[in-house]
Structures are given as structure tokens and as C-alpha cells.
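Structure at a glance
Each chain is listed here by its residues.
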Amino acid sequence: MTSEQRVAVVTGASSGIGAALAHELSRRGWHCVLLARRADRLKQVAAKTGSEIEICDVSDADAVKETAARVLERHPKIGLLVNNAGIPSHGSFLSASPERIEQVIRTNYLGSVWVLRAFLPGLEKATPSSVVNIVSVAGTTVVPDAGPYSASKHAQLAFSRALRAELKPRGISVLTVNPGPVTTEGFPQTRLINKRSMRWAVLSPERIAAKIVKAIERGKSEIVLPRWMRIAGISTGLFPATVTRVVAKGDPGRDVERPKDAGGE
Ligand SMILES: NC(=O)c1ccc[n+]([C@@H]2O[C@H](COP(=O)([O-])OP(=O)(O)OC[C@H]3O[C@@H](n4cnc5c(N)ncnc54)[C@H](OP(=O)(O)O)[C@@H]3O)[C@@H](O)[C@H]2O)c1
């Protein structure tokens, strides 16, 4: 690390969007600290990007506090925090296990809250600094076959928007990112990829990462990737009953358990 480099903390950086962000941010001159649970996979990303790693389960508030204390001792100033760690629900409110429903909320929503609170002293020392929350289009609309995931993302979206107002006076900006389908380990989007007419709608983690870094540099507050998917949130906000009715008609098998890698999350 050089003395001019600013420090970025990225959660969920062992694969998918987080790993792609580690590459993109490192290319743009950031020194990254990468957090996740799988040490072997984090080490692979770190070796290619010159980053540091911390093994941390973001759903465990005490573990997050301990990790942040270690990182802040090495790097008192944190210029950028990316809350990206997340898991799918692998089912609906009826088919997913109670344990999974709890874990989805603890990781996708509460994990973002615990990580933000633990790293806040570092962000405050580095102002103007930034927080990026990777939410989802599923946080803006109706997704019956992945209801627990969608609910966790609705909560994370509310957190991200409220945080923007709360952190602005402290010199910390917040960017909310709502991606549509991206093909990754946790979210392979098999259903869309297997349908030739829908394959175009699935983006790569690298493409998403490049757009996120551009949005940080331009000081954006909220983006949907791809842009046209804003229609999901706009139509649901304006006509929630109609959208719910249309979605229910178009998904007659919503109560049936889907295979583990089914799309829609
Ligand atoms: N792919 C999509 O279609 C899509 C669309 C919209 C939003 N998103 C969001 O994008 C984010 C990244 O997902 P992805 O698509 O890149 O999936 P991914 O490749 O499965 O990556 C998820 C990352 O989160 C980490 N993670 C999961 N649980 C964790 C925990 N308890 N503590 C720490 N790290 C944890 C995983 O690492 P370990 O397993 O090593 O801990 C992994 O690095 C998620 O928040 C997801 O909801 C994805």
C-alpha cells in the first residue's frame, strides 16, 4: 500500500459482484480490505488485487465489531465501505426453512447495519467518504418465489435510503445500488440463462462493478442496473395492487419449492 492510497472495505468479496468490485477498485487505485467467510476464496482474490483479507461473518454483530477494530487499528481512515455480502432465500415464505429465512434477514439486512456501525469511526475520519449498499431490484417489487429474500432487500433498501439522510451532515455519501439479474455463484440465474430469449437480461459481475465504481465517482445516490429495470420499482410504487395481481397470475407455481439455483433473486 502507498501513502496516497485510500482504503476501501468490501464485504462479500470472495466471489461474484464483491470480487469483481475488488478488482475494479484496485485498478482505480484503492487499497482494499476484503471480508467474507471463505478464507481460500478471499486469498485468491487478494493475491490478484494486492488486497488484505479478514474472515468475518457479517450476520454476527460481535464478530463484525472485532473485525472492524482490527482493521481500524491498521487503517484508521476508511474512504469507502461497500455492503455487498448477501445470500438467496432458496425458496418462498412457504417453502424456505425457518432457519434460512432468519439467516437471510441477518445477513442481507442486519449485516449491512452492523458493518456500517462498526466502520463508522473510520468513515468519519476520512471525510468526504462513501458507503455503497448493494441492494436489489427485488427490494423494489413483488417476487413471490423468493419472498424472504425480497423482504430482506426491502429492509436493506429502507436502511440505505434513511442512512443517506443521516450521514450527509457528517460528510459521508451513500449510494444505493439495485441490480437486476447478475450471474454469480449464489445467484446463477439458471432459469433466465437457459431461456435464449431472456439471456440478454443477465449481466456479468464485471459489468456491474464497473458501473458501480463510475456511479461512486459521479456522486450518484441511487442506481438501478440495468436502468430499464427501474420500471419494476416505479410500477410497484404507483400500482402495488395491480402489480401484485399481474405477478400472481403469471406465476401459478409460486408455492411449489424450486430447485436451489432457481432464478428470481
Ligand atoms: N446476482 C444477482 O442476480 C444479484 C441481483 C441483485 C442483488 N444482488 C446482491 O449482490 C450481492 C452480492 O451477491 P452475488 O450475486 O455477487 O453473489 P455471490 O457470488 O454468491 O456472492 C455473495 C458474497 O457474500 C458473501 N457472504 C454471504 N454470506 C455472508 C456472511 N454471512 N458474512 C460474510 N460474507 C457473506 C459470500 O462469501 P462467503 O460465502 O465466503 O462468506 C460471497 O462473497 C448480494 O447482496 C446480493 O443480494 C445480486
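Structural notes, computed from the coordinates. (Residues numbered from 1 in each chain as written. Predicted model: local features only at pLDDT ≥ 70, side-chain atom pairs only at ≥ 80, totals over all residues. Heavy atoms only, no water.)

**Here's the deal with helix 7 (residues 205–217)**
Each α-helix winds once per 3.6 residues, and so residues spaced three or four apart point in a common direction. Convention followed: Each helix corresponds to a stretch of at least 4 residues labelled H or I by DSSP, and each strand to a stretch of at least 2 residues labelled E; elements are numbered beginning at the N terminus. Here the expected span of a helix is defined as 1.5 Å times the quantity of residues minus one. Burial classes follow relative accessibility: with a 1.4 Å probe on protein chains only, a residue under 20% of its type's maximum area counts as buried, one over 50% as exposed, and anything between as partly exposed. Our arc is simply the arc of the directions from the helix axis toward the C-beta atoms. Any two residues having at least one pair of non-hydrogen atoms within 4.5 Å are treated as being in contact.
Taking 1.5 Å as the rise per residue, helix 7 with 13 residues should run 18 Å; its terminal C-alpha atoms sit 18 Å apart, in good agreement. For helix 7, every residue scored as buried is listed here: Pro205, Ile208, Ala209, Ile212, Val213, Ala215 and Ile216. Buried residues of helix 7, seen end-on, are gathered within an arc of 160° and therefore sit on one face of the element. Summarising the geometry of helix 7, the exposed residues directed more than 90 degrees from the buried face are Glu206 and Glu217. In the core, the buried residues of helix 7 are packed alongside helix 1 (16–27), strand 4 (80–83), strand 5 (129–134), strand 6 (172–179) and strand 7 (222–225). Phi turns positive, to about 70°, at Gly219, one or two residues after helix 7.

**Notes on the pairing of strand 6**
Threshold: Strands pair, by our definition, only if DSSP identifies at least two bridges between them. Orienting the strands away from the viewer, one traces the path from the first strand over the helix to the second; a clockwise path indicates a right-handed crossover.
The buried fraction of strand 6 amounts to seven of the eight residues, a majority that puts the element mostly inside the structure. Strand direction decides the pairing type here: strand 5 and strand 6, joined by six bridges, are parallel. Residue pairing for strand 6: Val132 is matched across the bridge by Leu175. Note that the unit made of strand 5, helix 5 (residues 147–167) and strand 6 has a crossover that is right-handed. Alignment of strand 6 against strand 7, held across four bridges, turns out to be parallel. Its bridge partner being in strand 7, Val177 is matched across the sheet by Ile223.

**A closer look at the side chain of Gln156**
We count it as follows: Whenever a nitrogen or oxygen atom comes within 3.5 Å of another N or O atom, the pair is scored as a polar contact, on the condition that within protein one atom can donate a hydrogen and the other can accept it, and that pairs from neighbouring residues in sequence are kept only if both atoms are in side chains.
In this structure, Gln156 sits in helix 5. Within polar-contact distance, the side chain of Gln156 engages the side chain of Ser112 at 3.0 Å. Residues contacting Gln156, with those up to four places away along its chain left out, are Asn83, Asn108, Tyr109, Ser112, Ile134 and Val135.

**Quick notes on the nonpolar core**
Quick note on the threshold: Nonpolar core, defined: a set of buried Ala, Val, Leu, Ile, Met, Phe, Trp, Tyr and Cys residues in which side-chain atoms within 4.5 Å join the residues together.
Counting residues in each nonpolar core, the largest one holds 32 residues, and the members touching the most others are Leu21, Leu25, Leu34, Leu80, Val132, Val177 and Ile212. Sequence-distant contacts of Val177, defined by excluding residues within four places in its chain, comprise Val132, Asn133, Ile134, Val135, Ser136, Ile212, Ile223 and Leu225.

**Digging into unusual backbone geometry**
Omega for the peptide link from Thr127 to Pro128 comes to 0°, which places this bond in the cis form. When you line up the elements, Pro128 lands in the loop between helix 4 (98–125) and strand 5. The omega torsion across Leu225 and Pro226 is -5°, close enough to zero to call that bond cis. Structurally, Pro226 can be placed in the loop between strand 7 and helix 8 (230–238). Residues other than glycine seldom take positive phi values, yet His90 does so here, at roughly 50°. As for its position among the elements, His90 is in the loop between strand 4 and helix 4.

**A closer look at a nonpolar patch on the surface**
What counts here: Patch building starts from residues that exceed 30% relative accessible area and form no salt bridge, then joins like charges within 9 Å and nonpolar side chains (Val, Leu, Ile, Met, Phe, Trp, Tyr) within 5 Å. The Shrake-Rupley method, run with a 1.4 Å probe, gives the accessible areas here. Residue values count only the displayed protein chains as cover. Put simply, a salt bridge is a Lys or Arg side-chain nitrogen that is within 4 Å of an Asp or Glu carboxyl oxygen.
Judged by side-chain polarity, Met198, Trp200, Trp228 and Ile231 come together as a nonpolar surface patch covering roughly 450 Å² of accessible area. By relative accessible area, which is 54% here, Trp200 ends up exposed.

**Looking at the site of the ligand**
Our working rule: We define proximity as follows: a residue is near a molecule or strand when any one of its heavy atoms falls within 4 Å of that partner. The distinction between a cavity and a pocket rests on a 1 Å grid over the protein atoms alone: a 1.4 Å probe fits inside a cavity but cannot get out, while a pocket stays open yet meets protein on both sides within 12 Å along at least five of seven lines, and a residue with an atom within 4 Å of a point counts as lining. In this scheme, a molecule is assigned to a cavity or pocket if more than half of its atoms are within 2 Å of the grid points. Gly is put with the polar residues, along with every residue not named as nonpolar or charged; the nonpolar set is Ala, Val, Leu, Ile, Met, Phe, Trp, Tyr, Cys and Pro, and the charged set is Asp, Glu, Lys and Arg.
The ligand sits among 32 residues. The nearest are Ile17, Arg37, Tyr149, Thr184 and Gln189. For the ligand, an oxygen atom lies 2.9 Å from a polar atom in the side chain of Ser15. About the coverage of the ligand: the protein hides 97% of its 880 Å² of free accessible area. In a pocket analysis with a 2 Å cut-off to the grid points, the ligand is assigned to the second largest pocket. For the shell around the ligand, a count of residues per class yields 14 nonpolar, 12 polar and six charged.

**Thoughts on the environment of Pro179**
If you trace the backbone, Pro179 turns up in strand 6. In this structure Pro179 comes out as buried when scored by relative accessible area, which is 7%. Between the C-alpha atoms of Pro179 and Lys125, which are 54 residues apart in sequence, the distance is 30 Å. Setting aside residues no more than four positions away along its own chain, Pro179 makes contact with Ile134, Val135, Ser136, Val137, Ile208 and Leu225.

**Notes on a positive patch on the surface**
To be explicit about the condition: Only four residue types enter the charge count: Lys and Arg as positive, Asp and Glu as negative, with His and the chain ends excluded. By convention, charge coordinates are those of NZ in Lys, CZ in Arg, CG in Asp, or CD in Glu.
The grouping of Arg207, Lys211, Lys214, Arg218, Lys220, Arg227 and Arg230 at the surface amounts to a positive patch. Among the elements that make up the positive patch, the one with the highest residue count is helix 7 (three residues). One can find Lys214 in helix 7.

**Brief notes about the environment of Ala138**
Within the element layout of this structure, Ala138 appears in the loop between strand 5 and helix 5. Given a relative accessible area of 5%, Ala138 falls into the buried group. Residues Ala138 and Trp200 lie 62 residues apart in sequence; the distance between their C-alpha atoms is 19 Å. Residues within four places of Ala138 in sequence aside, it is in contact with Val143, Tyr149, Ser150, Lys153 and His154.

None of this, on its own, says anything about what the molecule does.
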